[in-house]
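Here is how the chains run, residue by residue.
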Amino acid sequence: MNTDPIADYLTRLRNAIRAKHRVVEIPASNIKKEITKVLYDKGFIQNYKFDETGPQGVIKIALKYNPVTKQPAIVDLQRVSRPGLRQYRGADHLPRILNGLGVAIVSTSKGVMTDKEARTMNVGGEVLCYVY
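Everything in this summary refers to the structure shown in the same document. (Residues numbered from 1 in each chain as written. Predicted model: local features only at pLDDT ≥ 70, side-chain atom pairs only at ≥ 80, totals over all residues. Heavy atoms only, no water.)

**Things to note about the overall build of the protein chain**
Line of reasoning, step 1. Broken down by element type, the protein chain carries 3 helices and 8 strands.
Line of reasoning, step 2. Taken from the N to the C terminus, the helices and strands of the protein chain come in the order α-β-α-β-β-β-β-β-β-α-β.
Line of reasoning, step 3. On C-alpha atoms alone, the protein chain measures out to a radius of gyration of 15 Å, which is about the 14 Å that the 2.2 N^0.38 rule sets for 132 residues.
Line of reasoning, step 4. The C-alpha extent of the protein chain, read off along each of the three principal axes, is 40 × 40 × 25 Å. (Helix = DSSP H or I, 4+ residues; strand = E, 2+ residues; numbered from the N terminus. Rg over C-alpha atoms; globule rule 2.2 N^0.38 Å.)

Structure (structure tokens):
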């Protein structure tokens, strides 16, 4: 049993990027699907597909690399809130990552979104991770 599925998700992405893989498969859950949609909307991943075969399902993520330099679009992924220490922030105190170049993914009452979207909707929530 995995105690922190979001940390496992981020670690699988991080390992696939470091190994220069094109596609990574991750066991699916609703929160992972929402994080994947945010990463796609912000241009950090090339494409994704939800495969519902089996009891849990799988998320297939196509990673994005620069065609000339072969550098990945995701430089770093950091888990912020964890099961042992949850990190909640109000709309006024949401972090800015690399002065706006990165995103903080926040789980709010209105759904999973970036820190910028949460600020404009004036909602706070649990800061899941930083991506830049």
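**Section: the layout of surface pockets**
Line of reasoning, step 1. Put simply, the largest pocket is a space of about 160 Å³.
Line of reasoning, step 2. Together, Lys42, Arg96, Ile97, Gly100, Leu101, Gly102, Val103, Thr114, Asp115, Lys116, Glu117 and Arg119 line the largest pocket.
Line of reasoning, step 3. Take the lining of the largest pocket: its biggest share by element is 4 residues, from helix α3 (residues 115–121).
Line of reasoning, step 4. Class assignment for the residues of the lining of the largest pocket results in 3 nonpolar, 3 polar and 6 charged. (1 Å grid on protein atoms, 1.4 Å probe; cavity = no way out; pocket = protein on both sides within 12 Å on 5 of 7 lines; lining within 4 Å. Points joined across faces, edges and corners; volume = space filled by probe spheres on them. Nonpolar A, V, L, I, M, F, W, Y, C, P; charged D, E, K, R; others polar.)

**Observations regarding the nonpolar core**
Line of reasoning, step 1. Ranked by size, the top nonpolar core spans 26 residues in total, and within it Leu13, Leu39, Ile61, Ile105 and Val131 carry the most contacts.
Line of reasoning, step 2. Those elements that place two or more of their residues in this core are α1 (5–18), β1 (23–27), α2 (30–41), β3 (58–63), β6 (103–108) and β8 (125–131).
Line of reasoning, step 3. With 6 residues, α1 is the single largest residue contributor to this core.
Line of reasoning, step 4. Not counting the four nearest positions on each side in its chain, Val131 is found in contact with Leu39, Phe44, Ile74, Asp76, Leu77, Gly102, Val103 and Ile105.
Line of reasoning, step 5. Leu94, Met113, Ala118 and Val127 belong to the second largest nonpolar core, which has 9 residues in total. (Core = buried A, V, L, I, M, F, W, Y, C linked by side-chain atoms within 4.5 Å. Buried < 20%, exposed > 50% of the residue type's maximum accessible area, 1.4 Å probe, protein only. Contact = heavy atoms within 4.5 Å.)

None of the figures reported here should be taken as evidence of function without further support.
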